[in-house]
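Summary of the model geometry
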Amino acid sequence: MNDLHGKRIVLGLTGGIACYKAAELCRSLVKAGAQVQVVMTEAAAQFITPVTLQALSGHPVYTSQWDAREGNNMAHINLSREADAIVIAPASADFMAKLIHGKADELLSLMCLARPLQTVPLILAPAMNREMWAHPATQRNVAQLKADGAHVLDVGQGDQACGETGDGRMLEADEIVEELLAFWTPQVLKGQQVLITAGPTYEAIDPVRGITNLSSGKMGFAIARAARHAGAEVTLVAGPVSLPTPRGIKRIDVRSALQMNDAVQGLAGHASVFIAAAAVADWRPAAAADHKIKKDGSGDAPDMKFVENPDILAQVAHSERAQKRQLFCVGFAAESHDLLALATAKRARKGVPLLVGNIGPSTFGQDDNALLLVDAQGAKELPRDTKTKLAQDLIQDIAQRLSKH
Ligand code: CTP
């Protein structure tokens, strides 16, 4: 995943036990395609050695403003002018207190002060003991840093190295990477409430058996992540899948189509965009048996009756909110053949402005896909790519439609 390709990041480490996570962060940033230049304070070097960060970043680490490697001896200017962002992780309570006063008695704080305010964002991932985090002085400093234009990330919650439990842990490396991706994504869905369904549904036959389908949920989860990166508030109603919840997303797990329908109809009244990416089972057994159905020795299969599930998308698309254009609905079509014709017909039948067609058997469970966007004017192809990239393109496309909706 090269989502940070070409980004030049100065990664600043200040003193704190969370420095061990900064090693992982450095590696994740490099893996995501960023060029990372590490700067460490003296206190940071007490917790982790510059050697480790040099090996992980592929560049010598700067620890002193007197570093003679720079021809003009102005590392604080040279490093900050070349950066797309300065990311301080961990940002200690002490370092944040220094920043708000514009103190500049060592390289990292000097560089933060000397950075061009308009072009080089300062992003801080605080890390400290819960009492230090909750202290009014720290909270005051965080507020002041934000007022001064810094982007201060949340802290995590849980067990702390000191043995206490509470707020103040530094976010995990993957969470910080997610925040950076969101930071650099154009906020085209800012202010939108996006509701998404994903995955299959499972329709019980008896307590141990059921019918389901091969949907993995990956496309719907990728869309949820892309929508959140684009600034939306996202609620994801997920069928039974084993995927981690993307950061910053509210997830509601359901099993059957009826449960998915209940969840969606309850939430659709607050949504401004509904994306139905789930592969909802069309039918369910008319009645699920209370006990496991046993063979009766006759050699015949049990007589099973099915009833049709509610069409979640059609119901939402025909709601007053959608009809009044307060809610933009997007459907999916998983077909096995004749994609254009079937998706075109399905769009009309579902009553949605946009329908996204894909070939089910060639995408279910995989990491890539190809999409066909069908609207009233015609069809547009999004050629085969990763689901992550297709989700980003789909979100861009939806954002453009919203502006004309
Ligand atoms: N969908 C839904 N509720 C259902 C069935 C489908 O919300 N009970 C949604 C899916 O999430 C998808 C779209 O409708 O966005 C198309 O689903 P699909 O199963 O491909 O279409 P069907 O309406 O079931 O049509 P067919 O079985 O004829 O292909």
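Residues numbered from 1 in each chain as written. Predicted model: local features only at pLDDT ≥ 70, side-chain atom pairs only at ≥ 80, totals over all residues. Heavy atoms only, no water.

By a frequent convention, interface size equals the accessible area lost on bringing the separate parts together. Parsing the protein chain into structural domains produces domain 1 (8-184) and domain 2 (193-285 + 303-404). One C-alpha centre belongs to domain 1, the other to domain 2, and the line joining them spans 39 Å. Contacts between domain 1 and domain 2 engage seven residues on the former and four residues on the latter. In this assembly, domain 1 packs against domain 2 so that about 590 Å² is buried in total across both faces, 37% of it on carbon and sulfur atoms. Contact with domain 2 buries surface across domain 1, with E178, E179 and A182 losing the most and accounting together for 69% of the total. The tally of links between domain 1 and domain 2 comes to four salt bridges. Residue E179 is joined to R228 by a salt bridge in which the shortest nitrogen-to-oxygen separation is 3.4 Å. The interface formed by domain 1 and domain 2 contains four residue pairs in polar contact (both at pLDDT 80 or more). Classifying every residue of the side of domain 1 that touches domain 2 by side-chain character gives three nonpolar, no polar and four charged. (Domains from an automatic or database assignment. Contact = heavy atoms within 4.5 Å. Buried area = accessible area lost by both parts, 1.4 Å probe. Salt bridge = Lys/Arg side-chain N within 4 Å of Asp/Glu carboxyl O. Polar contact = N/O pair within 3.5 Å; in protein donor to acceptor, adjacent residues only side chain to side chain. Nonpolar A, V, L, I, M, F, W, Y, C, P; charged D, E, K, R; others polar.)

Here we come to the sheet that holds strand β5 (residues 151-152). The five strands are arranged β2-β1-β3-β4-β5 in an open sheet whose pairing can be described as parallel. At either margin of the open sheet sits one strand with a lone partner, and together these are β2 (35-40) and β5. Pairing of strand β4 (residues 122-126) with β5 involves two bridges; the strand directions are parallel. Paired with I123 across the strands is H151, a residue of β5. Helix α6 (residues 107-114) contacts β1 (8-13), β2, β3 (85-91) and β4 of the sheet and is inclined by roughly 140° relative to β3. (Pairing = 2+ DSSP bridges. Helix = DSSP H or I, 4+ residues; strand = E, 2+ residues; numbered from the N terminus. Axes fitted to C-alpha atoms, helices over the stretch in contact; angles between N-to-C directions.)

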